[in-house]
Amino acid sequence: MSQGSGTSEETKKNIRKAIKEYIWSHPGAHLREIVRELGIAIGQAQYHLSQLENNGEIVSYKIGRYRRYFPPIFTVEKALIIGFIRVSSARKLLRALMELGSGTLSELSNKAGLKPQTAAFHLKMLEEYGIVERDYKNRYRLKEKEFERVISVATSGTLDKLVSRFIEAFYS
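The rules behind the values
- Residues numbered from 1 in each chain as written.
- Predicted model: local features only at pLDDT ≥ 70, side-chain atom pairs only at ≥ 80, totals over all residues.
- Heavy atoms only, no water.
- Salt bridge = Lys/Arg side-chain N within 4 Å of Asp/Glu carboxyl O.
- Helix = DSSP H or I, 4+ residues; strand = E, 2+ residues; numbered from the N terminus.
- Buried < 20%, exposed > 50% of the residue type's maximum accessible area, 1.4 Å probe, protein only.
- Pairing = 2+ DSSP bridges.
- Axes fitted to C-alpha atoms, helices over the stretch in contact; angles between N-to-C directions.
- Parallel < 35°, antiparallel > 145°, perpendicular 65-115°, else oblique.
- Contact = heavy atoms within 4.5 Å.
- Nonpolar A, V, L, I, M, F, W, Y, C, P; charged D, E, K, R; others polar.
- Expected span 1.5 Å × (residues − 1).
- Arc of directions from axis to C-beta.
- Core = buried A, V, L, I, M, F, W, Y, C linked by side-chain atoms within 4.5 Å.

Student: How should the pattern of salt bridges be read in this particular structure?
Tutor: Two side chains with opposite charge may pair up if their charged atoms get near one another. In total, this model carries 10 salt bridges according to the counting rule given. Among the ionic pairs, E9 bridges to K12, the shortest N-O distance being 3.5 Å. Of this pair, E9 and K12 both sit in helix α1 (residues 9-25), three residues apart, roughly one helical turn. Residue class for K12 comes out buried when judged on its relative accessible area of 14%. Across the salt bridge formed by R139 and E107, the nearest N and O atoms sit 3.0 Å from each other. Note that R139 is positioned in the loop between β4 (132-134) and β5 (140-142) and E107 in helix α6 (residues 105-112), a separation of 32 residues in sequence. Taking relative accessible area as the criterion, R139 reaches 23% and is therefore assigned partly exposed. Among the residues examined, E107 registers a relative accessible area of 35% and is labelled partly exposed.

This is the structure in structure tokens:
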């Protein structure tokens, strides 16, 4: 389907509705994921995402390299955590932090099964976004106690199950 003037208003509404429903059921999805899963063109997705965001029906936050889309009930803090949970390496590090309580780069990379360079990259991002903090001994820990509760709920299952459990933790 092209986005041009040949697209009917009904078709536009249907595409917009499908995108909105996808975001509500897959919070933290990024553009290419939405395009791939819904089978629409990138330009079409960008147009409708912009419209949905301008209407306040969704929100987006740039998390790392991706702009991720969420239902409007998500605060920045909640969106950040779920955005990072959707990234495999970051999720492994968050799990390692939950299990260890705190740890050095070496301890966390070993526990998470990641190369130290990969762990360092993701820990730096988690630190920059305020999810983790590092003390004077270069030990990392989760910055907020609430993060521990949320991440502990999201420690097993498929990605969609993780996201669902995450939402339950915040809204139950």
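From this point, the narrative continues.
Student: Looking at this structure, I do not really get the sheet that holds strand β2 (residues 59-63). What am I missing?
Tutor: Hydrogen bonds between backbone groups are what pair the strands of a sheet, and the pairing can be parallel or antiparallel. Reading across the sheet, the three strands line up as β1-β3-β2 and stay open at both edges, with antiparallel pairing between neighbours. With partners counted over all chains shown, the strands left at the sheet margins are β1 (29-30) and β2, one partner each. In terms of strand pairing, β1 meets strand β3 (residues 66-70) through two bridges, oriented antiparallel. Pairing of H30 across the sheet is with R68, part of β3.

Student: Could you clarify how one ought to interpret the packing of α6 against helix α7 (residues 116-128) in this entry?
Tutor: Working note: a packed helix pair is described by the angle between its axes plus the distance between those axes. Where α6 meets α7, the closest approach of the two axes is 9 Å, and the angle between their N-to-C directions is 110°. Taken together, the axes of α6 and α7 are roughly perpendicular relative to one another. On α7, the residues touching L105, L108 and S109 of α6 are P116, A119, A120 and L123. Taken together, the residues that form the contact of α6 with α7 break down as six nonpolar, one polar and no charged.

Student: Explanation requested: the environment of P72 in the structure shown.
Tutor: Structurally, the position occupied by P72 is in the loop between β3 and α4 (76-85). Each C-alpha atom of the pair P72 and S60 lies 8.7 Å from the other, and the pair is 12 residues apart in sequence. The contact partners of P72, leaving out residues within four places of it in the chain, are W24, G56, E57, I58 and V59.

Student: Just to check I follow, could you spell out α1 for this structure?
Tutor: Every α-helical turn comprises 3.6 residues, leaving residues that sit three or four positions apart pointing alike. With 17 residues, α1 ought to run about 24 Å at 1.5 Å a step, and its terminal C-alpha atoms sit 24 Å apart, in line with that. Those residues of α1 that sit buried are K12, I15, R16, I19, Y22 and I23. Projected onto a plane normal to the axis of α1, the buried residues spread over an arc of 125° and lie on a single side. Residues K13 and K17 are exposed on α1 and point more than 90 degrees away from its buried face. Looking at the buried positions of α1, the neighbouring elements they touch are β1, α2 (31-38), α3 (42-54) and β3.

Student: Please explain unusual backbone geometry as it appears in this structure.
Tutor: Phi is mostly negative for residues that are not glycine, and the peptide bonds are mostly trans. Non-glycine residue N138 carries a positive phi angle of around 60°. Looking at the element boundaries, N138 is found in the loop between β4 and β5.

Student: Can you help me understand the nonpolar core in this one?
Tutor: Ranked by internal contacts, the top residues of the largest apolar core, which has 27 residues, are F84 and I131. Looking at this core, the elements that each hand over two or more residues are β2, α4, α5 (88-100), α6, α7 and β5. Element by element, the count of residues in this core is highest for α4, at six residues. Residues in contact with F84, not counting those within four places in the same chain, are I63, A90, R91, L94, M125, L126, Y129 and I131. In this structure, Y22, L31, I34 and A45 belong to the second largest nonpolar core, which totals 14 residues.

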